[in-house]
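This is what each chain is made of:
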Amino acid sequence: MHKFGIIRALLRILVFFIIAAMVPPLTFADAPEQPAIPADDEKFLDKVEHDTFLYFWENADPETGLVADTSQPGAPSSIAATGFGLTAICIGQSRGWITYDDAYKRTFRTLRTFKNKLKSEHGFYYHFVNMKTGQRMWNSEVSSIDTALFLAGALFAAQYFKGTEVERIVHYLYNRTDWQWMMNGKKIMCMGWNPEKGFLNAYWDWYNEGLIAYVLAIGSPTHPIPPESWYNWRRAKGEYGGHKVVYSFFGSVFTYQFAHAWIDFRNIYEGDLNYWQNSINAAQASKQFCIDNSGKYTGYGETGWGLTAGDGPDGYKGYGAMPAEVLVQDGTVNPYGMVASMPLVPDIALKSIKGLYEKYGDKVYGQYGFKAGFNVNRNWWSKICIGIDQGVSVLMIEDYRTGMVWDYFMRNDCVKAWIQLCKLRNK
């Protein structure tokens, strides 16, 4: 890098920390107390969380730490699943399922792999990589959202293992991510790039899981994008069953969950819009939609809602419920949509997943928790688990039980910077 480029980079970092020092310390409003959970429910949730955690402990390469995209033999690694796994490993340690030393070693090896082995483009990684070599798989794209999900998991680990080499590697990886490059000269972020064709013709221009990428990009101390970009994506408003929602394109509930797994939106407001309440409304709308359509699809109803992207009888699809711009449905239910709704609508979600477990048993539940999907009308029952499904499930159950993930993640300076720079209100 030219010496003036180095100077500009150093000045940018210096200015970031000067601003952080000058602005009054960001104090978060008192979060709601975590609920008291009845003993039977606690036992059930502990089983589900533990079994789901095991996906990440047993489906990662022990040397590289890369986590498998699915439980199918020979599956490549998903960098997003690996990011969820970094947080899940810490959760497992906090609950005594693995030792501190084992958790640290796995986390360190994973981060070392990203630092020394994985090919990156401007700090972004390929969506799918070989479990052992880290080489690109399936001609996948360099993905902005999957990189963001990896970095979210890594930034959590940096706080959990604060003052260690883990924290230092995480900051190196995060600080080299060139979010400005991924904007491709536009006012919104591109979804990805590949070496054959360049930037994809797809952008994060709607409300969806891309929120987490914008948070990390705006809060970056080295390559930040303009705070105005937060307000450049579309906020389409709709309603179903009396539940008003700023909705995502396909109405898949994971789009209301992924960012929430790490970011505590409960007391953060964008004007009058609170994304926490918005996700509650989306979960309630999804349930009502499934109840209303249970006559057509047998699996829908009290134990079958939370329609979301996932495995189906005809392959992976972006299932969803109203409100949505485009609706994809065939009677398939992906249970993680309900599981990851635990902190949003706990009474509804807990009753539903317990009912689903009791109703269908090992057809929907296995050694790594709830399986990827089922379709009663077509007598189809998925045999696999998907890494990102299991990841958001573990994190959201822990968010409901203790709020630990939020507690650690919200300590990151980039999150505080995002809130301040975007002039969001913290009630």
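Some points on the pattern of salt bridges
As a working rule, side chains carrying opposite charge can pair if their charged atoms are close by. Applying the stated rule across the entire model yields 16 salt bridges. The residue glutamate 196 makes a salt bridge to arginine 136 at a minimum N-O spacing of 3.0 Å. Placement of glutamate 196 in the loop between strand 6 (192-194) and strand 7 (198-199) and of arginine 136 in the loop between strand 4 (128-129) and strand 5 (142-143) is noted, with a sequence separation of 60 residues between them. What makes glutamate 196 exposed here is its relative accessible area of 52%. What makes arginine 136 partly exposed here is its relative accessible area of 23%. The network of salt bridges with common partners includes Glu42, Asp46, Glu49, Arg95, Glu398 and Arg401.

Regarding the state of the cysteines
Going through the model one piece at a time under the given rule, you end up with 0 disulfides. Cysteine 190 takes part in no disulfide bond, and the closest cysteine sulfur to it belongs to cysteine 422, at a distance of 20 Å. With no disulfide of its own, cysteine 414 lies 12 Å from the sulfur of cysteine 422, the closest cysteine sulfur. A relative accessible area of 4% places cysteine 414 in the buried class.

What about the layout of surface pockets?
Of the voids in this model, the largest pocket is the one considered here, and its volume is about 820 Å³. Around the largest pocket sit 35 residues that line it, and His127, Glu209, Phe254, Ala309 and Tyr316 are the ones nearest its centre. At 3 residues, helix 5 (residues 144-160) tops the list of elements feeding residues into the lining of the largest pocket. Looking at the lining of the largest pocket residue by residue, the classes come out as 19 nonpolar, 10 polar and 6 charged.

Digging into the nonpolar core
Among the nonpolar cores identified, the biggest contains 142 residues, and Phe84, Trp179, Met189, Trp230, Trp262, Phe409 and Trp418 are the most heavily contacted of them. In terms of residues, this core owes the most to one element, helix 5, which gives 12 residues. The residues contacting tryptophan 418, other than those within four sequence positions of it, are Val215, Ile218, Gly219, Trp230, Ile263, Phe265, Ile268 and Leu424.

So, empty space enclosed by the protein
Scanning all chains against the criterion turns up 4 cavities of 30 Å³ or more. By volume, the largest cavity amounts to about 50 Å³. Looking at the largest cavity, the residues that line it are Phe56, Ala60, Gly65, Val67, Thr82, Gly85, Leu86, Ile89, Arg106 and Thr110. Here the element with the most residues in the lining of the largest cavity is helix 3 (residues 79-94); it accounts for 4 residues. The class makeup of the residues in the lining of the largest cavity is 5 nonpolar, 4 polar and 1 charged.

Here we look at unusual backbone geometry
In this structure, the amide linkage connecting methionine 322 to the following residue, proline 323, adopts the cis form with an omega of 0°. Within the fold, proline 323 resides in the loop between strand 12 (317-318) and helix 10 (336-339). Positive phi is not limited to glycine here, since tryptophan 138 has a value of about 60°. Within the fold, tryptophan 138 resides in the loop between strand 4 and strand 5.

Notes on the confidence of the model for the protein chain
Here the protein chain averages 93 in pLDDT, and 92% of its residues register 70 or above. Confidence over residues 1-29 falls short of pLDDT 50; this stretch has 25 contacts with residues more than four positions distant or in other chains.

The rules behind each value
Residues numbered from 1 in each chain as written. Predicted model: local features only at pLDDT ≥ 70, side-chain atom pairs only at ≥ 80, totals over all residues. Heavy atoms only, no water. Salt bridge = Lys/Arg side-chain N within 4 Å of Asp/Glu carboxyl O. Helix = DSSP H or I, 4+ residues; strand = E, 2+ residues; numbered from the N terminus. Buried < 20%, exposed > 50% of the residue type's maximum accessible area, 1.4 Å probe, protein only. Disulfide = S-S within 2.5 Å. 1 Å grid on protein atoms, 1.4 Å probe; cavity = no way out; pocket = protein on both sides within 12 Å on 5 of 7 lines; lining within 4 Å. Points joined across faces, edges and corners; volume = space filled by probe spheres on them. Nonpolar A, V, L, I, M, F, W, Y, C, P; charged D, E, K, R; others polar. Core = buried A, V, L, I, M, F, W, Y, C linked by side-chain atoms within 4.5 Å. Contact = heavy atoms within 4.5 Å. pLDDT = per-residue confidence, 0-100.

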